[in-house]
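# Notes for the structure review
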Amino acid sequence: MDFGDDRIDDAQVEIEPWFAVWSPDGSWAGQPERQQALIDRIGATFGDRAYIATGADVVPDELHVGARTYIAKGCQIRDRVTIGDDTSLNPHVTCAGTVRIGNGVRIASHAALYGFNHTFDDLDTPIWMQPLTSSGIVIEDDVWIGTHVVVCDGVTVGAHSVVAAGAIVTRDVPPWSVVAGAPARVIRDRRDPTRRPSTPRRDALSRFDSIASDRKSTRLNSSHTVISYAVFCLKK
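Note that the coordinates shown come from a computational prediction; the quantities given were computed from them, not determined experimentally.

About the criteria used
Residues numbered from 1 in each chain as written. Predicted model: local features only at pLDDT ≥ 70, side-chain atom pairs only at ≥ 80, totals over all residues. Heavy atoms only, no water. Helix = DSSP H or I, 4+ residues; strand = E, 2+ residues; numbered from the N terminus. Buried < 20%, exposed > 50% of the residue type's maximum accessible area, 1.4 Å probe, protein only. Contact = heavy atoms within 4.5 Å. Areas by Shrake-Rupley, 256 points an atom, 1.4 Å probe, with all protein chains shown as cover. Core = buried A, V, L, I, M, F, W, Y, C linked by side-chain atoms within 4.5 Å. Pairing = 2+ DSSP bridges. Phe/Tyr/Trp six-rings, centres within 6.5 Å; stacked < 30°, edge-to-face > 60°. Salt bridge = Lys/Arg side-chain N within 4 Å of Asp/Glu carboxyl O. Expected span 1.5 Å × (residues − 1). Arc of directions from axis to C-beta.

## A word on the overall build of the chain
Counting its regular elements, the chain contains five helices and 19 strands. Scored against the burial criterion, the 236 residues of the chain give a buried share of 38%. Nonlocal contacts in the chain, meaning residues at least 24 apart in sequence, comprise 21% of its contacts between residues at least 6 apart. Surface accessibility of the chain: about 13500 Å² in total, with carbon and sulfur atoms responsible for 54%.

Encoded structure:
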């Protein structure tokens, strides 16, 4: 469905807020009031074209949301959360404790970032009565966090990293890393040229170009070319 399609309604925008963020006027019905209520209650700040779903539970003590950033339906935002520009929190993401998220971050549905912890050292006191601690979580710029990831308190996820679905992140992630597992571990560095798939893709494209040339398929439009290349790669 394209931007501006008349079929896009409130229910769809709640789940896919990019339709509001990139709408012609950069907003959606009810957003000014939604954001103003948070400004009045906690002094929240919002960048241009930010979107906060009506169906998100947004009850923090402190909230700062950057430009073109959205919080989708089902998210739970509490305590102290700062989010940079061009970042997406997809449905049912949880942020609690002290959480700072950078620019251009993608967080998939059902991820959980808990920037606090329970203490349980005193064996004579029930855990629920013992103090909480909070070191905070930092997600640096240009990070992709997969679905059902858990990021624990005290962790920094370095810039340009990818956290695989289902990972439990208990320690810092170096920049440019791909991490996976429970607990998460580094499985590769994105900058390592020996692990990049770019060479096979170039070979496949070269073979396709040769076939296309032989068949004199220059009349294909760009859309058909993309589809043909995708089918060609799948049949390799």
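## Brief notes about the nonpolar core
In this structure, Leu-89 and Ile-101 are the most contacted members of the largest nonpolar core, which totals 45 residues. Broken down by secondary-structure element, the contributors of at least two residues to this core are helix H2 (18–21), strand S2 (51–52), strand S3 (57–65), strand S4 (70–71), strand S5 (76–83), strand S7 (94–101) and strand S12 (137–139). Those residues within four positions of Leu-89 in sequence are excluded, and the remaining contacts are Tyr-70, Ile-71, Ala-72, Cys-75, Ile-77, Ile-83, Cys-95, Ile-101 and Ile-107.

## A word on the sheet that holds strand S19 (residues 185–189)
The eight strands lie next to each other as S2-S4-S6-S8-S13-S16-S18-S19, forming an open sheet whose pairing is mixed. Each of the sheet's edge strands pairs with one partner strand only, and the pair in question is S2 and S19. By the bridge criterion, two bridges tie S2 to S4 in an arrangement that is parallel. Across the sheet, residue Ile-52 finds its bridge partner in S4, namely Ile-71.

## So, the pairing of strand S9 (residues 112–115)
Sheet topology note: the S7/S9 ladder contains four bridges and is parallel. Note on S9: the bridge partner recorded for Thr-94 is Ala-112. Pairing analysis gives two bridges linking S9 to strand S14 (residues 150–151), with the strands arranged parallel. Note that in S14 the partner of Ala-112 across the bridge is Val-150.

## Here's the deal with the environment of Asp-2
Relative to the assigned elements, Asp-2 resides in the segment before helix H1 (10–15). With relative accessibility at 60%, the residue Asp-2 sits in the exposed group.

## Describing the environment of Val-21
Summarising the element assignment, Val-21 is placed in helix H2. Ignoring anything within four residues of it in the chain, the contact list for Val-21 reads Gly-26, Arg-49, Tyr-51, Arg-68 and Tyr-70.

## Points about the packing of aromatic side chains
Aromatic ring pairs: the centre-centre distance and the angle between the two ring planes describe each pair. In the structure shown here, the tally under the stated rule is three aromatic pairs. When the ring of Trp-18 is compared with that of Phe-19, the centres are 6.0 Å apart and the planes differ by 40°; the resulting orientation is tilted. When its relative accessible area of 7% is taken as the criterion, Phe-19 is described as buried. Seen in terms of ring centroids, Trp-18 and Tyr-70 are 6.1 Å apart; in terms of plane orientation they differ by 55°. Their pairing is tilted. Taken together, the positions of Trp-18 in helix H2 and Tyr-70 in strand S4 put the pair 52 residues apart, joining distant regions of the chain. We classify Trp-18 as partly exposed; its relative accessible area is 28%.

## Things to note about the pattern of salt bridges
Under the counting rule described, the total for this entry stands at three salt bridges. Its salt-bridge partner being Asp-79, residue Arg-78 comes within 3.7 Å of it at the nearest N-O pair.

## Re the side chain of Thr-69
Among the secondary structure elements, Thr-69 is positioned in the loop between S3 and S4. If we ignore the near neighbours within four places in the chain, the residues touching Thr-69 are Arg-49, Ala-50, Tyr-51, Ile-83, Gly-84, Asp-85, Asp-86 and Thr-87.

## A closer look at helix H3 (residues 31–42)
Helix length check: H3 (twelve residues) gives 17 Å between terminal C-alpha atoms against 16 Å at 1.5 Å per residue, within 8%. Listed in full, the buried residues belonging to H3 are Gln-31, Arg-34, Gln-35 and Leu-38. Along H3, the residues classed as buried sweep out an arc of 90° about the axis, all on the same side. Every exposed residue of H3 that faces more than 90 degrees away from the buried side is listed here: Glu-33 and Asp-40. Considering only its buried residues, H3 is in contact with strand S1 (45–46), S2 and S3. Looking one or two places after H3, you find Gly-43, whose phi comes out positive at around 75°.

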